[in-house]
Amino acid sequence: MSALVQSVTTGLLIGGIYAVLAIGLDVIYGVLDLVHMAIGDFLMLAMYCTFFLYTLFGINEFALLFVVPLLFLIVSFPVYQGVFKIMIGKPHSFHILYTASLSIALQNIALMFWTSIPRRMNVPYGGEAIELGSILLNKALVIASIFALIVTVVTFAFLFKTDLGRVIRAAISNRDLIQMIGIDPHKIHLVAFGLGMLLIGLGGVLLSFYYTVSPTVGLTYTIYMWVAIVLGGPGSIKGSIVGACIIGVSQTVSGLYLPMALQNAVALTIFIIMLIFKPKGLFGK
Amino acid sequence: MQKVWEGAITKIQAITLIAIVLIAVIAGASYYYLTPRAAAEDVYVGLLAPLTGGLAYLGDLSVKGMGLAVEEINAAGGIESVGGANISLIVFDSGASAEEATTALRRMLTLHPEISAVYQPWPSGYVLASAPIAESEQVPMFCTSWANGLTESGYKYIFRVAPKASDLQDSGVRALLALGEDRTGRKLQRIAFAYDDNPLNKDLMDSLKKVAEDLGRDVVLDETWKSPMTDATPLLLKVQAAQPDVFFCYAINMEDAYLIVRKFTETGLDKIIPQCYYGGGLMHPDFVKVLGEKLVEGKLGISDWNVVAGARSTEEKYKARYGEAFLPKDAALAYGTGWIIKEALEKAGSRDAKVLRTAMLQLNVAEGSATVLWGPPVRFKPSGDIDLGEFACVLVQWQSGKLNTVFPESLATAEAIWPTP
C-alpha cells in the first residue's frame, strides 16, 4: 500500500510541474491558435539557461525562478514578431511543419554549442529525501512542486480575477470575439505568447531542480504537454492541470504494476482512448 | 485543396525560401569540391559513431581515441608495408537510430569505396543492423559491442575488440559475487537485474541467469525500461520489494543512470543494496560531473576495460592532447583498434579490404601500441572475437571522484570497497 501511496504522490508532484508547462502551452494554443511543436525545445533552452546561470554565475536557484521567466518574457516579444507571427492564421499543417523544423534546428544548435552530455543544476539537497510516514519523497522535487503549485494558483488568479486575464480567457473561448469588442488581436497575441513563454521559463527552472537537461529532452516534454492539454480539453486551464497530473501519476503508478517498459505507454493509451471516446477532453466544451 | 494553399505563403516568402535553398545547395557543393582531400595514396579507415542524439557524448570519445592513434601512426611514418602510406580517417555520424546507422554506413562505403576498414564501436542495435552491410561489401568492420550475435552469426568481416556479453557477464558476475562474499562474509543469494531497451541487454540477462543457475543463486528481478526513463521511483520500489543481495543495472543513457543512482541514494537504499552498473554513462568522465562526487561514491561497475598500469603513458598522451581528466574506456578502445588496424595493414601489405581480413586472422602482435590495452599477444579467433585470455572483464569503482580498477587484482589500481555493511 505504501508503494502505491509513494507512486501516486511522486506522480502528483511531477504532474504539478507538468501543469505549469501545460498551462503555458494551452494559453499559446488557445489564443494564437498555434500548434507549437517546438515548445519543449524552448523548455530545453530554459533548462540550459537555468543550468548556466546557476553554475557559471552562481545565481541562487530560487532567484532563478524570477530571473529565467523574466528573460523569457523579454525575449518572447522579438521571438513572436520574428518567428511566430508569420504563422498566425495559417493552416495547422503549416504550424506543425514549421515548428517541427524549428525544433530540429534548436536541438542541433544546442548540440553544437553544449554537446549531448546531460547537465544538471546541482542543488545541495538534490539527493536528499523528505520522510512522510512510510513514504520518501525527493526534497528537490517537493520544493519544485510547491513552487509549481504557487505558480499555478497565481496564474489561475491572474486569468480569472484580472481584466487582462479575462480578456485572455475570452480569446481562448472565442478568438473572433476579441476583434468584435475592439481589442487589437495582435496585442493580445503578444501578451498571450509572453505569458506562455514566461510559464515555460518557470517550468524550465522547476524541472531543473529534479531533472537533467540535454539537447534532445524537448520532444518528450512537447508530447507530455500536448497530451495533457488534449486530455484535459484544449482551452481549459483546469483541464490542463488535471491532464498533467494524469500523465505524472500514470507514469509512476503504471511502472509499479506493469513492466517499466510500459511506463509512458499507459499515459499515451489513455490519451488515445480519450481521443476516441471524448475527443474534446475531460473539460472541453 | 487549392484554397488551402492560397495565401499560405507570399511571393516574397517563397522567393526567400528558394534563395535559402539555392545558397545551401551552392554552399554544399562548394564544400564538397573545395574541401582538401587526403592524398590518393592514403589508406582510408572509416569511423561510424553517434555524433548527434543522446549518445553523442560517448561517440565523441571514439573520435578522440581513434584520432590520437591515427596522429601517432602517421607521425611515425604511416604504414611501412604499404609504401609509408598515411591513414586517413573518414568520420560519419551513425545518428540516433539503427536505421540512420545503416544508411550512414551505406553512404560511407558508396562515397569512399576505397575504405579498407570501418570502426563502428556500438550501440549494439546499430552494429547488429550494420553488420550485414559490412559483410556483403566485404569490408572488415571492428566493433566493441558486447552483443553475442555479432560473432555468432557466421560473419567473416566482423571483428570485436571487446569481450562478448556471455563472457563478460560470466566473469563479471562471478568476480563481483566473490568480492562481495569475501567482504561481507555471507552468501549473496538473491540477484536483481534491470536494464534499458538496448538489444544487448537480453544477452546480458540470459548470461546472468546462466551464471546464477551455475552458482545456485536466485534471479529475483528481471526488469527492463524504455529509455529515456521518466522517473526511477517504480524501479526503486520493485528492487526494494525483491530484496536482492546485489543489484545489477545497465543504463547506457546518462540521464537514466542519474535518476536511478539518485533515487537509490536519497532513499538510503544504496546503504542496504550494493549496486553494480555496466559501461556507458558510468565510464564517462562527465558521470561524476553530472551526478557529483557524493552520489557516485562507491558505485561498482563491470566493464571491458579501464585504465591499468600498463596504459598510464597512453593516458598521459590522451590527457595532454585533449585536456581530459582521464582516459575513458571508449576512447581507449578506439585508440587500441586504430593500432590493431595499423598492425593488420602492415601484415597485409595492402590496402585491399579482403586481404586485410585475411591478415586479421593471422595477426599476432607481441609488442607496440596495439598491445597497450590488454598486453601481448593481440590476436583474433576465427569467430572474429579478440582473444582476451584472462582479461574478459574488469571491475571498476568510483572512489573519491576517481574511477579505479579494482579487479583483477593483478591490474587493480585501488582496493575495492564493498559499498554496504
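What counts, and at which threshold
Residues numbered from 1 in each chain as written. Chains lettered and ligands numbered in written order. Predicted model: local features only at pLDDT ≥ 70, side-chain atom pairs only at ≥ 80, totals over all residues. Axes fitted to C-alpha atoms, helices over the stretch in contact; angles between N-to-C directions. Helix = DSSP H or I, 4+ residues; strand = E, 2+ residues; numbered from the N terminus. Left-handed = near helix turned anticlockwise from the far one by under 90°. Contact = placed C-beta atoms within 7 Å. Domains from an automatic or database assignment. Buried ≥ 20, exposed ≤ 12 C-beta atoms within 10 Å, placed from the backbone. Pairing = 2+ DSSP bridges. Right-handed = clockwise from strand over helix to strand, strands pointing away. Expected span 1.5 Å × (residues − 1).

**Let's talk about the packing of helix H1 (residues 2-32) of chain A against helix H6 (residues 163-173) of chain A**
Residues and elements named next belong to chain A.
Right, on to step 1. At their nearest, the axes of H1 and H6 sit 7 Å apart, and the two run at 65° to each other. Every pair of crossing elements has a handedness; the one defined by H1 and H6 is left-handed. Residues Val27, Gly30 and Val31 of H1 form the contact with H6, whose participating residues are Ile168, Ala171 and Ile172.

**Here's the deal with the domain arrangement of chain B**
Right, on to step 1. The domain boundaries assigned to chain B delineate domain 1 (2-34), domain 2 (43-163 + 309-371) and domain 3 (166-303 + 393-407).
Right, on to step 2. Taking only C-alpha atoms into account, the centre of domain 1 of chain B sits 51 Å from that of domain 3 of chain B.

**Section: the pairing of strand E8 (residues 246-250) of chain B**
All names here are of chain B.
Right, on to step 1. Where burial is concerned, most of E8 is hidden: five out of the five residues are buried.
Right, on to step 2. Burial of E8 is two-sided: the residues Val246, Phe248 and Tyr250 facing one way and the residues Phe247 and Cys249 facing the other way are all buried.
Right, on to step 3. Strand direction decides the pairing type here: strand E6 (residues 190-195) and E8, joined by five bridges, are parallel. Looking at E8, one finds that Phe193 is bridged to Phe248.
Right, on to step 4. Across three bridges, E8 lies against strand E9 (residues 275-278) in parallel orientation. The partner of Cys249 across the bridge, within E9, is Tyr277.
Right, on to step 5. Taken together, E8, helix H9 (residues 254-266) and E9 form a β-α-β motif whose crossover is right-handed.

**Quick look at the sheet that holds strand E11 (residues 394-399) of chain B**
All names here are of chain B.
Right, on to step 1. Strand order in the open sheet formed by seven strands is E7-E6-E8-E9-E10-E11-E12, with mixed pairing between adjacent strands. Each edge of the open sheet is held by one strand with a lone partner, namely strand E7 (218-224) and strand E12 (402-407). Strand after strand, the sheet turns through a mean of 25° between neighbouring axes, direction not considered.
Right, on to step 2. Alignment of E11 against E12, held across five bridges, turns out to be antiparallel.

**A short note on helix H4 (residues 92-114) of chain A**
Residues and elements named next belong to chain A.
Right, on to step 1. When the terminal C-alpha atoms of H4 are compared, their 32 Å separation across 23 residues agrees well with the 33 Å that a helix rising 1.5 Å per residue should span.
Right, on to step 2. Buried residues of H4: His95, Tyr98, Thr99, Ser103, Gln107 and Ala110, and no others.
Right, on to step 3. Residues of H4 that are buried make contact with helix H2 (39-55) and helix H9 (218-232).
Right, on to step 4. Positive phi shows up at Thr115, right after H4, with a value of about 60°.

**Points about unusual backbone geometry**
Residue and element names in this part refer to chain B.
Right, on to step 1. Cis geometry marks the peptide bond from Trp122 to Pro123, where omega comes out at -5°.
Right, on to step 2. Looking at where Pro123 falls in the secondary structure, it is placed in the loop between strand E3 (115-119) and helix H5 (124-137).
Right, on to step 3. The linkage connecting Ser227 with the following residue, Pro228, adopts the cis geometry, with an omega of 0°.
Right, on to step 4. Structurally, the position occupied by Pro228 is in the loop between E7 and helix H8 (233-242).
Right, on to step 5. For Gln138, which is not a glycine, the phi torsion comes out positive at approximately 55°.

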